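Fold and contact review
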Amino acid sequence: MIVFPNCKINLGLHVVSKRPDGFHELETVFYPLPLTDALEVISPGSLSFTTSGIAVPGNSADNLCLKAWRLLKQDFADLPEVDIHLHKHIPIGAGLGGGSSDAAFMLQTLNNRFQLGISKEQLITYAAALGSDCPFFIENKAVYATGRGEIMTPVNLDLSSWSFVLVYPGIHINTGWAFSRITPKVPVLSLRDSIAQPVEQWREIISNDFEAAVFPAHPELAEIKDTLYAAGAVYAAMSGSGSAFVGIFPKNSIAGIDINTGYKVFML
Ligand SMILES: C[C@@](CO)(OP(=O)(O)O)[C@H](O)COP(=O)(O)OP(=O)(O)OC[C@H]1O[C@@H](n2ccc(N)nc2=O)[C@H](O)[C@@H]1O
Ligand SMILES: Nc1ncnc2c1ncn2[C@@H]1O[C@H](COP(=O)(O)OP(=O)(O)O)[C@@H](O)[C@H]1O
C-alpha cells in the first residue's frame, strides 16, 4: 500500500505562554498543501525500513514511521511487522511538518490495513505522543490550533482559488532553540478572527512570532519574504519555526515567477 503524506503551512503563529511541561501554549492555523512524501507499507514484513529521495538525518530506528509502528505495537500486541519504504521529498526540519505527516499517515495506514478499529480521536491522541504538529495530519484540513498544537478547531478556509510558492533556503532551525528566543505574549487579535478576513488583508494582520525570533540570526530569511512580495505575493511568511517560506499568489500567476535565489522552490 502506498500513501502520500502531505506537508502543512502555518498561517500565523503566536506563542502565548510557557507551560509547566516545558512546551509553549500557542495559537496557529494549520493548512495542508499538496507537497508530499511517498510512504509504502508492505505486509507481511520484517520491520525493514528503507528510504530514497532526501536523506533523513539520524538513526533510521528513530524515524517517525517506525516510532508510529512501535507506539501502536504497545497497545496491539498482535500488530504484524511490515516493511516500510519512505521516499522523502518534503524538506526536513523546514517548518512543513513532513516528519509529523509521515508518522500520522503511518498510524492511519496501519489502522486501516489491519483493521485495528482505532477512532479518529484515539488516532489524534497517538499522534500527539509523536509530535506537536502530528495530530493536525490526522485531521488534515484547515484548523485553528492551540495547546501544543494538538487542540484543533476546523476553520472554514478554502484557498483553492490561490496559488502557492514554497521557498526552502536549506537553513536548519532547531524548533526548541527558536522557541527559546521568543517572549510569550497574549496576541491582541486572535488568529481565529484574523484568518476570517480576506487574504488581501493578511499581510497587515497575520504574523508568525518565529520571524522576529529567527531573522536576526538569519537575515537572509527576511530577504526571502521581501522577494516573495516583490514577485507579487498577496501574503508571504515563514512557516512554523522555519526556515521554509510560503507565498500566496493569485491563481495561475506564478508560472513566470523567477525566485532567483538558488533555494529550493515549489510551485503549488
Ligand atoms: C511549533 C511548530 C508549529 O507548527 O513548529 P514546526 O515544527 O512547524 O516548525 C510545531 O508545532 C512543532 O511541532 P514539532 O516539530 O512536532 O515539535 P516537537 O517535536 O513536539 O517539539 C520540539 C521542541 O519544540 C519545543 N516546542 C514544541 C511545540 C510547542 N508547542 N512548544 C514547544 O516549546 C519544545 O522544546 C520541544 O522539545
Ligand atoms: N520521516 C521523517 N521525515 C522527516 N524527518 C524525520 C522523520 N522521522 C524523524 N525525523 C526527524 O524529525 C525532524 C524533522 O521533522 P520535520 O517534521 O521534517 O520538521 P518540521 O516540523 O520542522 O517541518 C528531524 O530531526 C528528523 O531527523
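Everything quoted here is computed from the prediction, not taken from an experiment. (Residues numbered from 1 in each chain as written. Chains lettered and ligands numbered in written order. Predicted model: local features only at pLDDT ≥ 70, side-chain atom pairs only at ≥ 80, totals over all residues. Heavy atoms only, no water.)

1. Here's the deal with the overall build of the protein
The condition is simple: A run of H or I in DSSP counts as a helix once it spans at least four residues, and a run of E counts as a strand once it spans at least two, with each numbered from the N terminus. For every residue, the accessible area (1.4 Å probe, protein chains only) is compared with the maximum for its type, and the residue is labelled buried under 20%, exposed over 50%, or partly exposed between those bounds. The contact definition used throughout considers only heavy atoms, calling two residues in contact when any of these lie within 4.5 Å.
Scanning the protein from terminus to terminus reveals nine helices and 12 strands. The C-alpha extent of the protein, read off along each of the three principal axes, is 55 × 40 × 35 Å. The 268 residues of the protein split such that 52% are buried. Within the protein, residue pairs in contact and separated by at least 24 positions form 73% of the contacts whose partners lie at least 6 positions apart.

2. Describing the site of ligand 1
Note the threshold: We call a residue near a given molecule or strand whenever any one of its heavy atoms falls within 4 Å of it. Counted as a polar contact is a pair of N or O atoms within 3.5 Å, where, for protein atoms, one must be capable of donating a hydrogen and the other of accepting one, and residues adjacent in sequence contribute only when both atoms are in side chains. Note that accessible areas follow from Shrake-Rupley with a 1.4 Å probe, and for residues the cover is restricted to the protein chains shown. Buried and open spaces are told apart on a 1 Å grid over the protein atoms alone, a cavity being a set of points where a 1.4 Å probe fits but cannot get out and a pocket being an open set with protein on both sides within 12 Å along at least five of seven lines. Residues with an atom within 4 Å of a point are the lining residues. A pocket or cavity is taken to hold a molecule when more than half of that molecule's atoms are within 2 Å of the pocket's grid points.
Among the 19 residues in the neighbourhood of ligand 1, the closest are listed as Lys-8, His-24, Ser-132, Arg-148 and Ser-241. Taking Ser-132, its side chain carries an N or O atom lying 2.7 Å from an oxygen atom of ligand 1. With respect to ligand 1, the backbone of Arg-148 contributes an N or O atom lying 3.1 Å from a nitrogen atom. Starting from 680 Å² of accessible surface for ligand 1 in isolation, the protein chains cover 78%. Spatially, ligand 1 is embedded in the largest pocket. Listed by contribution, the elements that provide at least two residues to the shell around ligand 1 are strand E2 (6-18), strand E3 (24-36) and helix H5 (175-180).

3. A word on the UniProt feature "domain: GHMP kinase N-terminal" (unreviewed entry) in the protein
Definition in use: UniProt positions are given in the numbering used here, feature names are shortened, and annotations may be inferred rather than shown by experiment.
On the UniProt side, "domain: GHMP kinase N-terminal" (unreviewed entry) is annotated at positions that read residues 63-138 here. End-to-end, the C-alpha atoms of residues 63-138 are 18 Å apart, and along that stretch the chain is 53% helix and 8% strand.

4. Side note on the domain arrangement of the protein
Spelled out, the test is: Start and end points for every domain follow an automatic or database-based domain assignment. Summed over both partners, the accessible area (1.4 Å probe) lost when two parts come together is defined as the buried area. The rule for a salt bridge is simple: a side-chain nitrogen of Lys or Arg has to be within 4 Å of a carboxyl oxygen of Asp or Glu. Gly is put with the polar residues, along with every residue not named as nonpolar or charged; the nonpolar set is Ala, Val, Leu, Ile, Met, Phe, Trp, Tyr, Cys and Pro, and the charged set is Asp, Glu, Lys and Arg.
If you check the domain split of the protein, you get domain 1 (2-153) and domain 2 (159-267). Placing a centre on the C-alpha atoms of domain 1 and another on those of domain 2 gives a separation of 23 Å. Contact with domain 1, which involves 30 residues of that partner, is made by 35 residues of domain 2. When the area that domain 1 buries against domain 2 is broken down by residue, the three leading residues are Leu-11, His-14 and Val-15, summing to 22%. Summed over the shared surface of domain 1 and domain 2, the number is zero salt bridges. Counting across the domain 1 and domain 2 interface gives 16 residue pairs in polar contact (both at pLDDT 80 or more). Of all the secondary structure elements, the ones that give two or more residues to the side of domain 1 that touches domain 2 are E2 and E3. Among the elements that make up the side of domain 1 that touches domain 2, the one with the highest residue count is E2 (12 residues). Here the residues of the side of domain 1 that touches domain 2 are counted per class, giving 17 nonpolar, 10 polar and three charged.

5. Concerning the site of ligand 2
Taken together, 17 residues sit near ligand 2, with Leu-64, Leu-96, Gly-97, Gly-99 and Asp-102 positioned nearest. In this structure, an oxygen atom belonging to ligand 2 sits 3.1 Å away from a main-chain N or O atom of Gly-93. Considering ligand 2 on its own, with 550 Å² of exposed area, one finds that the protein chains cover 78% of that surface. With respect to the detected pockets, ligand 2 is housed in the largest pocket. Listed by contribution, the elements that provide at least two residues to the shell around ligand 2 are strand E6 (83-88) and helix H2 (98-113). With four residues, the single largest contributor to the shell around ligand 2 is H2. Residue composition of the shell around ligand 2, grouped by class: seven nonpolar, seven polar and three charged.

6. Quick notes on the sheet that holds strand E10 (residues 235-238)
Formally: A pair of strands is considered paired only if DSSP assigns at least 2 bridges between the two. Working convention: axes come from line fits to C-alpha atoms, limited for helices to the stretch in contact. Angles between N-to-C directions cover 0 to 180 degrees.
Strand order across the open sheet formed by four strands is E10-E11-E9-E12, with antiparallel pairing between neighbours. Either end of the sheet is taken by a strand with one partner, and the two such strands are E10 and strand E12 (264-267). Within this sheet the neighbouring strands show an average axis-to-axis angle of 15°, counted without direction. Bridging between strand E9 (residues 162-168) and strand E11 (residues 245-250) involves six bridges; their strand directions are antiparallel. From the neighbouring strand, Val-165 faces E11, where its bridge partner is Gly-247. Strands E9, E10 and E11 of the sheet are contacted by helix H9 (residues 219-230), whose axis makes an angle of about 5° with E11.

7. Things to note about the pattern of salt bridges
Summed over all chains, the structure comprises eight salt bridges. With a closest N to O distance of 2.7 Å, Asp-21 and Arg-19 form a salt bridge. Exposure remark for Asp-21: the relative accessible area of 43% places this residue in the partly exposed category. Within the structure, one salt-bridge network assembled from shared partners comprises Arg-19, Asp-21 and Glu-25.

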